[in-house]
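Here are the chains, one letter per residue:
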Amino acid sequence: MNQKLICKACFAHGKQDIRIDDRELTYTDDDVVIKIEAGGICGSDIHYYQEGHAGLSVIKHPMVIGHEFVGRVDKIPKNSKLKIGQKVAINPSRPCNQCQYCLEGKQNQCTNMRFMGSAQFNPHVHGGFSQYAIVSEQQCFPYDETVPAQVMAFAEPTTVAIHAVNIAGSLVGKKVLVIGAGPIGCLIIAAAKAAGAVEVIASDINERSQKISLAMGADHVVSPLNQEALATFTHNKGYFDVTFEACGAAAAIESTVHVTRANGTIVQVGMGASPVQYPVAQMLAKEISWKGSFRFINEFGIAVKWLEKGIIDPRPLISSEFPYQQIEQALITATDKNISSKVIVTFFD
Ligand code: ZN
């Protein structure tokens, strides 16, 4: 039987129009109701707020934003393994589990994906910046009571980072470059270290991001404007076994081919500029593998464990925290990359 619940949520109405409104949630006996505790603002949330669209996904009706969020179990189905009051990280991915890609175990390629907090389809799929959310039991990943919600709010971006590392293949003993030290780049740095890389170097123009990359585990950080460093990395057909491009700028994408060793691997994670000029001749002559990495498949549970056990500590990335009532200020702050990395939004009251 359908039941109803009314709560407050953060709705994007269009360009620079975000409102806290009442939200009516309908759920059945098979659904899990989550009382949200915290969420992280991602680039797509900023795009929805600042531009009214994220890439090709345009806000056509009010949509609850946020796809990085955690909470506590509030209601459970009969025979559920979850416990009321338990802390859970929520996987925002809702693949159809019926299409060709889902059946092959490639759910990130699902042709009917309903990703929470995304305007890709109409009606849009509401996100988690809401006092309550309705999810399925498969989306819930319990975590230890002692871990702060603000830390576990990194479960989704950490999953994206672990997927990128999985795309790269074994990093044991490898020399790794991560271009772009935003939240995803820094989580890739931490994940690459955890996965056995012997040397992880970060590259970013921004001094603030450079410092954070070191706090997140980079052995060394360089500016892409540092010609001397670049010369070292391009010498002898390149220095890095694996290069992760998590910036997206055209010049950064082009540079990956020059700094990656022959037979090395480039993993493209940054969305950014497209199309770009690409040095195809150098890429093929060096027999470089160029791979894309998009969202994630089954890495969510690994990310939750790594955050729970402190294998990845995302706290250097937290730049500020706002209660959801100040969502507009939170989004404006998150937009300014000179002061913000990850802005956390809380729903504790
Ligand atoms: Zn599917």
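The model shown is predicted, which means the values in this text are computed figures rather than measured ones.

1. Re the domain arrangement of the chain
Now for step 1: Domain parsing of the chain yields domain 1 (3–154 + 314–346) and domain 2 (158–292).
Now for step 2: Put simply, the middle of domain 1 and the middle of domain 2, counted by C-alpha atoms, are 29 Å apart.
Now for step 3: Opposite the 12 residues of domain 1 that make contact, domain 2 presents 11 residues.
Now for step 4: Taking both partners together, domain 1 and domain 2 bury about 870 Å²; carbon and sulfur atoms supply 58% of that area.
Now for step 5: The largest share of the area that domain 1 buries against domain 2 comes from F154, P316 and L317, three residues that together contribute 51% of it.

2. Observations concerning the packing of aromatic side chains
Now for step 1: Across all of its chains, the model carries nine aromatic pairs by this definition.
Now for step 2: Between F141 and F300, the aromatic rings sit 4.9 Å apart at their centres with planes inclined by 50°, giving tilted as the arrangement. Pair noted here: F141 is in strand β10 (residues 140–142) and F300 is in helix α10 (residues 300–308), with a separation of 159 residues, a long-range link.
Now for step 3: In this structure F300 comes out as buried when scored by relative accessible area, which is 1%.
Now for step 4: Pairing Y239 with F240 gives two aromatic rings, centres 5.0 Å apart and planes at 85°, and the pair type is edge-to-face.
Now for step 5: The residue whose ring lies beneath R114 is F121, and the NZ or CZ to ring-centre distance is 4.0 Å.
Now for step 6: Its end group placed over the ring of Y239, K175 keeps NZ or CZ at 4.2 Å from the ring centre.

3. What about the sheet that holds strand β16 (residues 289–292)?
The strands making up a sheet are joined through hydrogen bonds of the backbone, oriented either antiparallel or parallel.
Now for step 1: Across the sheet, six strands lie side by side as β13-β12-β11-β14-β15-β16; this open sheet has parallel pairing. In this open sheet, the two edge strands, each paired with only one partner strand, are β13 (220–222) and β16. Strand after strand, the sheet turns through a mean of 20° between neighbouring axes, direction not considered.
Now for step 2: Pairing between strand β12 (residues 199–203) and β13: three bridges, direction parallel. Bridge pairing in β13 places I201 opposite H220.

4. Things to note about the coordination of the zinc ion
Now for step 1: Distances from the zinc ion to its protein donors, namely C96 (SG), C99 (SG), C102 (SG) and C110 (SG), fall within the range 2.3 to 2.4 Å.
Now for step 2: For the zinc ion, the four donor atoms are set out with angles of 102 to 120° between them, so the coordination reads as tetrahedral.
Now for step 3: Residue classification places C99 among the buried positions, given a relative accessible area of 9%.
Now for step 4: Look at C102 and you get buried, because its relative accessible area is 5%.

Conventions used here
Residues numbered from 1 in each chain as written. Predicted model: local features only at pLDDT ≥ 70, side-chain atom pairs only at ≥ 80, totals over all residues. Heavy atoms only, no water. Domains from an automatic or database assignment. Contact = heavy atoms within 4.5 Å. Buried area = accessible area lost by both parts, 1.4 Å probe. Phe/Tyr/Trp six-rings, centres within 6.5 Å; stacked < 30°, edge-to-face > 60°. Helix = DSSP H or I, 4+ residues; strand = E, 2+ residues; numbered from the N terminus. Buried < 20%, exposed > 50% of the residue type's maximum accessible area, 1.4 Å probe, protein only. Lys NZ or Arg CZ within 6 Å of the ring centre and 35° of its normal. Pairing = 2+ DSSP bridges. Axes fitted to C-alpha atoms, helices over the stretch in contact; angles between N-to-C directions. Donors = N, O, S within 2.8 Å, 3.2 Å for Na, K, Ca; no water. Tetrahedral: all angles 85-135°; square planar, octahedral: opposite > 155°, others 65-115°.

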